[in-house]
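Remarks on the overall topology
The chain contents come next:
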Amino acid sequence: MAGKRALIKLSGEALAGPGGAGIHGETLTALANDIATAARVGHEIAVVVGGGNFFRGVQGLAKGLDRPTADSIGMLGTVMNALALEHAIESAGVPARAMSAVPMPSLCESYARKRALDHMAHGKVVILGGGTSNPYFTTDTGAALRAAELSCTLLMKATNVDGVYTADPKTDPTATRFERLTHDEAIARNLKVMDTAAFALAREAGLTIVVFSLQEPGSIGAVLEGGGRATVVVP
Ligand code: UDP
């Protein structure tokens with residue numbers, strides 16, 4: 001099987017487990033094992049991790065912080081998750097490197113495109129924290145940006161729903177799932193694949209996006225092998 005180069009976008013919630021906040025040990029271990037398994041069969045993997053399990057910029061606004069300050073705190077949360085994932089993936093037996101877009105060299109490497117490509121070529125999973133390092137952005141946008149600049153063949157958007165639906169399947173029992181969509185169809189039907197800025201960037205870069213659920217163990221490997229329940233959004 002030819003290995004793929006893929007970027008996986010994990011929200012902070014993916015590490016939070018049943019409590020919905022912070023980091024849940026078993027959830028982190030299970031996720032790291034899935035990523036390690038996919039890396040072991042030869043896929044080159046970059047992970048962009050969110051920080052919503054610790055702090056989102058909008059929460060800071062409610063506390064009276066200004067947006068750049070609140071977003072800075074949010075970005076720090078993503079680095080905490082990146083460090084946790086780095087450790088958990090290495091504990092699963094696969095080398096991993098956390099890289100931060102916001103330089104903090106005593107904690108982890110600073111993000112540099114060529115270094116990240118080099119790590120992946122040597123079988124290391126790179127975990128990218130710090131988002132884009134700019135306020136007013138999200139880690140979805142960071143994921144689209146890194147997937148484009150690292151020439152990833154797939155941008156894998158992990159959610160808790162197994163794809164893109166005609167409506168929210170949690171509230172609308174008539175909602176149906178798309179197997180495959182084009183970027184233009186997603187826009188014409190006003191379907192939410194990623195946040196608007198992230199989707200615009202992914203579309204412009206011609207990225208194939210796979211929206212899939214982490215609820216099924218092994219779903220990361222299944223998507224990388226072209227299977228699993230997911231919606232594929234193609235240029
Ligand atoms: N953030 C930011 N710039 C970025 C990425 C993230 O300012 O490029 C901040 C923003 O405040 C955001 C928080 O970090 O709310 C956490 O990221 P995100 O909401 O994307 O995490 P997720 O929802 O995926 O867990």
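Keep in mind that what you see is a predicted model, and the values were worked out from it rather than measured.

1. Quick word on unusual backbone geometry
Outside of glycine, negative phi angles account for most residues, and trans bonds account for most peptide bonds. Positive phi, normally seen in glycine, also occurs at Tyr136, with a value near 70°. Examined against the element boundaries, Tyr136 turns out to sit in the loop between strand E5 (125-129) and helix H5 (139-149). Given 11 C-beta atoms within a 10 Å radius, Tyr136 is considered exposed.

2. Some details on the site of the ligand
Gly50, Gly52, Gly57, Gly74 and Gly131 are the nearest of the 23 residues found near the ligand. Counting residues per element, the shell around the ligand draws most heavily on helix H3 (residues 67-91), at 6 residues. Class assignment for the residues of the shell around the ligand results in 4 nonpolar, 15 polar and 4 charged.

3. Some points on the sheet that holds strand E7 (residues 180-182)
Pairing is mixed in the open sheet, where 9 strands are placed in the order E4-E3-E5-E2-E1-E6-E8-E9-E7. Either end of the sheet is taken by a strand with one partner, and the two such strands are strand E4 (109-110) and E7. Across 2 bridges, strand E3 (residues 96-100) lies against E4 in parallel orientation. Among the inter-strand pairings, Met99 is bridged to a residue of E4, identified as Glu109. Packing of helix H1 (residues 25-40) onto the sheet brings it into contact with strand E2 (44-49) and E5, and relative to E2 it is tilted by some 155°.

4. A look at the pairing of strand E8 (residues 209-213)
With 4 of 5 residues buried, E8 lies mostly within the body of the structure. Here strand E6 (residues 154-159) runs beside E8; their pairing, made up of 5 bridges, is parallel. Among the inter-strand pairings, Ala158 is bridged to a residue of E8, identified as Phe212. As judged from the 4 bridges shared by E8 and strand E9 (residues 230-234), these two strands associate in the antiparallel manner. Considered in E9, the bridge of Phe212 is made with Ala230.

5. Things to note about the packing of H5 against helix H7 (residues 196-204)
Direction vectors running N to C along H5 and H7 enclose 15°, while the axes themselves pass 7 Å from each other. Here H5 lies roughly parallel to H7, going by the angle between them. Both H5 and H7 take part in a crossing whose hand is left-handed. Contacts from Asp140, Thr141, Ala143, Ala144, Leu145 and Ala148 of H5 reach H7 at Ala197, Ala198, Leu201 and Ala202. Residues that form the contact of H5 with H7 fall into these classes: 8 nonpolar, 1 polar and 1 charged.

6. Comments concerning the environment of Ala62
Along the chain, Ala62 falls in helix H2 (residues 57-62). Judged by the 8 C-beta atoms lying within 10 Å of it, Ala62 is exposed.

7. Re H7
In an α-helix, one turn spans 3.6 residues, which is why side chains three or four residues apart end up on the same side. Listing the buried residues of H7 in full gives Ala198, Phe199, Leu201, Ala202 and Arg203. At its buried positions, H7 is contacted by H5, E6, helix H6 (183-188) and E8. Of the residues flanking the end of H7, it is Gly206, one or two places downstream, whose phi is positive at about 70°.

8. Some thoughts on the pairing of E6
On any regular strand, side chains alternate: one points to one face of the sheet, the next to the other face. Here 4 bridges tie strand E1 (residues 5-10) to E6, and the two strands are oriented parallel to one another. The residue of E6 that forms the bridge with Lys9 is Lys157.

9. Here's the deal with the UniProt feature "binding site: ATP" (unreviewed entry) in the protein
Residues annotated by UniProt as "binding site: ATP" (unreviewed entry) correspond here to Lys9, Leu10, Ser11, Gly12, Gly52, Arg56, Thr159, Asn160, Tyr165 and Asp168. These annotated residues cover 160 residues of sequence, and their C-alpha atoms reach 25.6 Å apart at the extremes, leaving them scattered rather than at a single site. Here Gly12 shows up in the loop between E1 and H1. Each residue touching Gly12, except ones within four places of it in the same chain, is listed here: Val49, Gly50, Gly51, Gly52, Asn53, Phe54, Gly77 and Asn81.

Reading the values: the criteria
Note that residues are indexed from 1 along each chain, following the sequence as it is written. Totals for whole chains, interfaces and linings use every residue, but because this is a predicted model, local features are given only for residues with pLDDT of at least 70 and side-chain atom pairs only at 80 or more, for both listing and counting. Helix and strand definitions here come from DSSP, where helices need a minimum of 4 consecutive H or I residues and strands a minimum of 2 consecutive E residues; each element is numbered from the N-terminal end. Burial is judged by counting the other C-beta atoms within 10 Å of a residue's own C-beta: 20 or more makes it buried, 12 or fewer makes it exposed, and any count in between marks it as partly exposed, with every C-beta position built from the backbone. Contact assignment follows one rule, namely that a residue is near a molecule or strand if its backbone-placed C-beta atom lies within 6 Å of it. Charged means Asp, Glu, Lys or Arg here, nonpolar means Ala, Val, Leu, Ile, Met, Phe, Trp, Tyr, Cys or Pro, and polar covers whatever is left, Gly included. Whether two strands pair comes down to DSSP finding at least two bridges between them. In this description, a residue-residue contact is defined by the distance between C-beta atoms placed from the backbone, which must lie within 7 Å. As a rule, the C-alpha atoms of each element are fitted with a line to give its axis, helices using only the stretch in contact, and angles between N-to-C directions run from 0 to 180 degrees. For classification purposes, an angle smaller than 35 degrees is called roughly parallel, one larger than 145 roughly antiparallel, one from 65 to 115 roughly perpendicular, and anything else oblique. What makes a crossing left-handed is the near helix being turned counterclockwise from the far one by less than a right angle; a clockwise turn instead makes it right-handed. UniProt positions are given in the numbering used here, feature names are shortened, and annotations may be inferred rather than shown by experiment.

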